[in-house]
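Here is how the chains run, residue by residue.
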2 protein chains.
Amino acid sequence: MGKCSCHPEIETSYICMKHNVYLCEECLKCRDPELFCKFRSSCPIWFIDKKMAGLDEDKKIEKEMFKVIFEPDNKEVEVPKGASLLEAAQKADVHINASCNGKGACGKCKLILKSGSVKKEPTALLSDQEKAKDYVLACQTFVQGDVTVKTPDEIIEKKLKVAGMGKEATDRLKGLVKNIEPMVKEITLELEPPTMDDPVSDLDRLNRGLKKTGCDVSKMNVGIKVMQELAAAMRDENWKVTVSVIRKKCSNEILGVTPGNNRPASLGLAIDVGTTSVVVYLVNMADGSVISAASGHNKQAACGDDVINRIICAEKNGPVKLSKMALATINNLISEALSGADADAGQIKNIVISGNTTMAHLLMKIEPRYIRREPYIPCVSEFPILKAGETGIKADPAAAVFIMPGPAGYVGGDIVSGLIYAGFHREEPLTLFIDVGTNGEIVLGNKDWLMTASCSAGPAFEGGGVRWGMRAEEGAVEKVVIDPETLNPRLSIVGDVKPRGICGSGMIDLISEMLLKKIIEPNGKFRLDASHPRMKKENDELSYIVAFADETSMEEDIVFTETDIHSLVLSKGAIYAGFTVLLNQAGLDFSMVERVIITGGFGQFLDVDKAVNIGMLPDIDRSKFKYLGNSSIAGAYMALLSDEYRQEAGKISNSMTYIDFSGSSMFMDEFTSALFLPHTNVEKFPSVKIG
Amino acid sequence: MGKCSCHPEIETSYICMKHNVYLCEECLKCRDPELFCKFRSSCPIWFIDKKMAGLDEDKKIEKEMFKVIFEPDNKEVEVPKGASLLEAAQKADVHINASCNGKGACGKCKLILKSGSVKKEPTALLSDQEKAKDYVLACQTFVQGDVTVKTPDEIIEKKLKVAGMGKEATDRLKGLVKNIEPMVKEITLELEPPTMDDPVSDLDRLNRGLKKTGCDVSKMNVGIKVMQELAAAMRDENWKVTVSVIRKKCSNEILGVTPGNNRPASLGLAIDVGTTSVVVYLVNMADGSVISAASGHNKQAACGDDVINRIICAEKNGPVKLSKMALATINNLISEALSGADADAGQIKNIVISGNTTMAHLLMKIEPRYIRREPYIPCVSEFPILKAGETGIKADPAAAVFIMPGPAGYVGGDIVSGLIYAGFHREEPLTLFIDVGTNGEIVLGNKDWLMTASCSAGPAFEGGGVRWGMRAEEGAVEKVVIDPETLNPRLSIVGDVKPRGICGSGMIDLISEMLLKKIIEPNGKFRLDASHPRMKKENDELSYIVAFADETSMEEDIVFTETDIHSLVLSKGAIYAGFTVLLNQAGLDFSMVERVIITGGFGQFLDVDKAVNIGMLPDIDRSKFKYLGNSSIAGAYMALLSDEYRQEAGKISNSMTYIDFSGSSMFMDEFTSALFLPHTNVEKFPSVKIG
């Protein structure tokens, strides 16, 4: 007898003989082979010694199955009795945000129960109003019969607002690339037909033609499929051909030969795979122009908000499932971008992907579990150039896929990509670079050296763990000014619609305004009580009413609670502590920093003054700060067009010194000191006058 | 209206719009999509404009289907009414020799009709005795109802006798390889586990380990599958791993990483894919010993005896079908060799294939049609190293496959392989090299230069086009001495059993003996008439009785006809003319030749004196002749073990000057003069005394 490796609370006598782990009856009954033994992906001879466990070989334990229908798309799925609605939604490919990965802690996975029998766990995360409207949390509601549910309108995700996707921005990007040098080149040739005096083979004839254009054919590889199609391709248009050639580390490869010299434009993709959102640029490789762009939410959100929850999910279900979710997100966006440009996936020959280390591993179905175990190492830091066909990305199967290298488990290719765009590693001034996404990564340095760290800021600034937190999409409060007299807020909303929630820049504004207008104390607690018209008390917790129900799109109060403030203080504290410790490790301090570059999905209106007010950014000359928007997609775009930048990526990744904060007592001290607004030591923030 | 592209005798109005070719109703009705349009393999948008052709879109023209059972294996197949038994046999994967590719000209595709309704074309190629026993020719017999047929016992192919497969021979081969350097190396590593102070990624750790063993990791590629399995492979045996690494032209690649350091022996395959027969050596890559060997008939024989018929068959049916036949042959032999060695296909990591240009193209499913069209060029001369998985060869899918390069359409990798073994291109003496297989290829030269040509000798010496001709397998007459008085022959039979036919060396002996014992004239006609007890007249043709019915295994007379003699005279004439013209092109003559190396499947007992007597070999000092057996498999074995020989293969192929005889009037003159025994000009053969 031992504890089940998936459900440690259960004692069991079934055992996987290879890994010597126990599995409970629940695991044995599971129909999903990937769930059966969590070591399965690494276990070639995985089995259960049923006889030893006293279980009859042929005894099958079948579960009752029930149907779940998801409105408004009417997706239907069968699940065993007792499955949660979240599990059912994942199986049905219905997108539900589940920030906490089904722990019942975030309250985001709301559904409306239309009919059917379920068992519900009690939850404080639904308002009485919501409960009255039959709202349930998908992860806390278990199927007991056929069920029909509906995704609430306010939950259906709206288009993301992604910084830097306008024409002006992409034209500026284009200016950063001097020579366009795609990985896959399309070379047109007009060859001499063979004669008795010139009887070289078709392939030699092709190579001879390529050599004349300057290709180093002594290093040229060619795949079997190309050879199989070669004879016809060369003759179909009378010895005129277009050859796709890829230049790799030191060898070249002929990827394809097609008849004729008139090819449709060759396209490229720059893809930013974020933990939260995914952005795709479709690029004309001839002139570097961004033809169309698309962005959306990473479908992996159904497995939790942050990379840790995604890794846990991959350990349980195998990385393939999460890869499929990311691929579905990416491929939908590619289709959207293609239809926007009236182009065909077969035209896509070059792809650059930028993402954090976990995203890159999951997308490529590479084991991510060791990223979250000491010593926190990735399986792969620098990827070889792959073919689209082997990655599952919608493009010409022979298209080249370059994945941005990342130096560490928690500092990935998205940061390297950001540096390529920011470019401070090519210059003299000492620069602090921070990417506030679902994590918080910091880079310090200049053209001579680079240090980097991850400060576990958490997803609060992207909306995770904040009651009405959301990303910078339609309906998000992105700018707040509070009237000192009435304490009423004046809100700017993304898309000028009724508000649905609050995004990162809005939260920073809110805390800064509440602090300066004395709604909260420096410790983040409210000074006001529930008697003030802008205040509210629910479930024993005080909150500030950002918008009243009749002003909002879902007719509910949008509030900002003490817990929300606490989450954000933890995040800003981690970022500030990260700055401090990294500078300290380099023997420097804030006064020596000549530039602070901020990147991430806050939204367009990040107010640096207010970010200093809350103690997220250091209190130094404001002209030193620069907000770059989404630098990861910008760097991916630059690497897509330029071999120089692709080579630079490897160099950046290899030259970064990674500092691990996880066991650092100095980081803990600095972090604790930074849990005040703006800081325990007010002398560090001389310009912030709380009065 | 136009002529069907498959059946030019039929006028039709159906057309393939892409290729602008006509197809008859027979083609439209065909169920085999590969047979539908012969351009299909090169036609991505292949279709029939049925409307234009006046054919209703949904109208299906179904044919009656009948069942054909093949004894003794009881293989069953359904074919449409009117299909030939040869087509049925090919569909059922029943091996039938069809030297002439179904033209009804060779008489080899004999079957016994047990029951059922058929339509027979009249044929003179079956004896009355055979007709009485219900023998039919498979290609001339058409299904009209359910049919059962049986392969005659004497047709069921026996084990081939392949020269050079004994232990002594392979030990001698082993001595020719100085350093064993496989393409795929298996490197065992014991790595340091990661720590907080050494947090490099798994892949970097692996590369670091490889670098310590001397690998150039800066040129190292790695595939996505390896990365996906890497984390588990490195941890499963506590950071002990075995890495398969392949060295290519200029880059290296990690093919696989497996846990632990105790690997079963790595095996290699040397494969000789002949038009007629296939030989496989299974080799222990650690010490180069040949563990087991197997040989068999190329199943492509069902599509004709020579490369021209194979190409025609591939044009009609696509190269895939012929590739499958060759692969089935090869994979059966691999299984046989593996079971003989009690080894597993997964252990095979290195493969070298030697074959003529057509065999290499067909095996790799590469278009061969331009080999038989002026200017006779191959699609590919020098192949990149492929992976077994993409070729279909039974081995570790990541195993490296090296295909011997070939300089021309009719001088292929088998000849280059033969040179590697013969080695005269490394030495001073002027050497004439001839490979008499299903074709006849000649090389002339030494370490400074190489000239080569193909002399279209035809398959007579391998049994093709000769009534009782067969390969050097069990039951073949391989040595003949004729008593000058009685004119009775004394026969040596392969395997010391009752004779079934005559192989190459036996035919040379027979003609030489018949010439010297005055049974035939120098023009190949019989001096004797049917009254002699050893002579026989059938269908107006005289023949010499080599063995009487009661001495043979199938109780029929084995005879040697005037037509047979004529076929062999054509073959020997082509070979001798080839020698003469090649020497002439080089400004040399026979007196300058210091060595003649003969290779091919004659059998062990090639009698050089007798080959000179018939005028196949030049009349020079007999000590200059050397018979090498199967040099193609020997060279493949050497290249399997040695990188030096693999590199040498490319150099040989590139340095050969190919002389085309196809339009040469000098060749025609020399050929015509050589159609006497030994030659029109007897002065060229002073030692041959016919008396």
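Reading guide: rules and limits
Residues numbered from 1 in each chain as written. Chains lettered and ligands numbered in written order. Predicted model: local features only at pLDDT ≥ 70, side-chain atom pairs only at ≥ 80, totals over all residues. Heavy atoms only, no water. Helix = DSSP H or I, 4+ residues; strand = E, 2+ residues; numbered from the N terminus. Buried < 20%, exposed > 50% of the residue type's maximum accessible area, 1.4 Å probe, protein only. Pairing = 2+ DSSP bridges. Contact = heavy atoms within 4.5 Å. Buried area = accessible area lost by both parts, 1.4 Å probe. Salt bridge = Lys/Arg side-chain N within 4 Å of Asp/Glu carboxyl O. Polar contact = N/O pair within 3.5 Å; in protein donor to acceptor, adjacent residues only side chain to side chain. Axes fitted to C-alpha atoms, helices over the stretch in contact; angles between N-to-C directions. Phe/Tyr/Trp six-rings, centres within 6.5 Å; stacked < 30°, edge-to-face > 60°. Lys NZ or Arg CZ within 6 Å of the ring centre and 35° of its normal. Least-squares fit on C-alpha atoms with pLDDT ≥ 70 in both. Arc of directions from axis to C-beta.

Under an unreviewed UniProt entry, the name given to chain A is 4Fe-4S ferredoxin iron-sulfur binding domain-containing protein, DUF4445, and the source organism is Desulfonema limicola.

The phi angle of most residues is negative, glycine excepted, and most peptide bonds adopt the trans form. All names here are of chain A. In this structure, P375 follows E374 across a cis peptide bond, with omega equal to 0 degrees. By the secondary structure assignment, P375 is in the loop between α10 (357-363) and β18 (386-387). Although it is not a glycine, N74 adopts a positive phi angle of roughly 55 degrees. By the secondary structure assignment, N74 is in the loop between β5 (65-71) and β6 (75-80).

Moving on: the pairing of strand β20 (residues 431-436) of chain A. All names here are of chain A. Summarising burial for β20: six of the six residues are buried, a large majority. Here β20 shows a buried face lined by T431, F433 and D435 and a second buried face lined by L432, I434 and V436. Taking the residues that link successive antiparallel strands as the turn, the β20-strand β21 (residues 440-445) hairpin has three residues. Where β20 lies against strand β29 (residues 595-600), six bridges are found, and the strand directions are parallel. Note on β29: the bridge partner recorded for L432 is V596.

Here we take up the interface of chain A and chain B. The accessible area lost on association of the parts is a frequent measure of interface size. Of the residues lining the interface, 51 residues belong to chain A; the matching set on chain B comes to 50 residues. Taken over both partners, the interface formed by chain A and chain B buries close to 4,000 Å², and the fraction arising from carbon and sulfur atoms is 66%. Area buried by chain A at its contact with chain B is led by A:M196, A:I224 and A:M227, which between them contribute 15% of it. Inspection of the chain A/chain B interface yields zero salt bridges. The interface formed by chain A and chain B includes ten residue pairs in polar contact (both at pLDDT 80 or more). No other element matches the eight residues that helix α7 (residues 224-236) of chain A contributes to the side of chain A that touches chain B.

Attention shifts here to the sheet that holds strand β27 (residues 541-547) of chain B. Residues and elements named next belong to chain B. The strand order across the open sheet built from three strands is β26-β27-β28, with neighbouring strands paired in antiparallel fashion. Looking at the sheet topology across the chains shown, the edges are occupied by β26 (535-538) and β28 (558-561). Averaged over all adjacent pairs, the angle separating strand axes in this sheet is 45 degrees, with direction ignored. Strand direction decides the pairing type here: β26 and β27, joined by four bridges, are antiparallel. Bridge assignment links E538 to a residue of β27, and that residue is E541. Helix-sheet contacts for helix α13 (residues 504-516) involve β27 and β28, and the interaxial angle to β28 is about 65 degrees. Of the strands in this sheet, β27 and β28 are in contact with helix α14 (residues 562-585), which crosses β28 at around 60 degrees.

To continue, consider the packing of aromatic side chains. One pass over the full model with this rule turns up 16 aromatic pairs over all chains. Seen in terms of ring centroids, B:F424 and B:F433 are 5.9 Å apart; in terms of plane orientation they differ by 35 degrees. Their pairing is tilted. Judged by relative accessible area, B:F433 falls into the buried class, the value being 1%. Arranged with centres 6.3 Å apart and planes meeting at 90 degrees, the rings of B:F579 and B:F590 form a pair that is edge-to-face. Highlighted residues: B:F579 in helix α14 and B:F590 in the loop between α14 and β29 (595-600), separated in sequence by eleven residues. For the pair formed by B:F579 and B:F590, the shared burial category is buried. Through pairs of rings, three or more aromatic residues link up here, namely A:Y576, A:F579, A:F590 and A:F685. Between the NZ or CZ atom of B:K110 and the centre of the ring of B:W468, over which it lies, the distance is 5.5 Å.

Once that is clear, we can look at the relation of the copies chain A and chain B. Take chain A, turn it by 180 degrees, move it 0.0 Å along the axis, and it overlays chain B with an RMSD of 0.2 Å. What we have between these two chains is a two-fold relation. By C-alpha distance to the rotation axis, the residue of chain A lying nearest is A:S251, at 3.2 Å. Mapped onto chain B, 98% of the interface residues of chain A again fall at the interface, so both copies present the same surface.

What follows covers the pairing of strand β21 (residues 440-445) of chain B. Residue and element names in this part refer to chain B. With six of its six residues buried, β21 lies for the most part within the structure. The side-chain alternation of β21 yields two buried faces, one formed by G440, I442 and L444 and the other by E441, V443 and G445. As paired elements, strand β20 (residues 431-436) and β21 share six bridges and run antiparallel to each other. Bridging from a neighbouring strand, V436 pairs with G440 of β21. Pairing geometry for β21 and strand β22 (residues 450-454), over five bridges, is antiparallel. Across the sheet, I442 pairs through a bridge with A453, a residue of β22. Counted between consecutive antiparallel strands, the loop separating β21 from β22 contains four residues.

All right, on to helix α5 (residues 167-174) of chain A then. All names here are of chain A. Along α5, the positions that sit buried rather than exposed are A169, T170 and L173. Relative to the axis of α5, the buried residues are bounded by an arc of 90 degrees and lie together on one face. Turned more than 90 degrees from where α5 packs its buried face, K167, E168 and R172 sit exposed. Tucked inside the fold, the buried residues of α5 contact β15 (277-284), β16 (290-297), α12 (413-422) and α16 (631-641).

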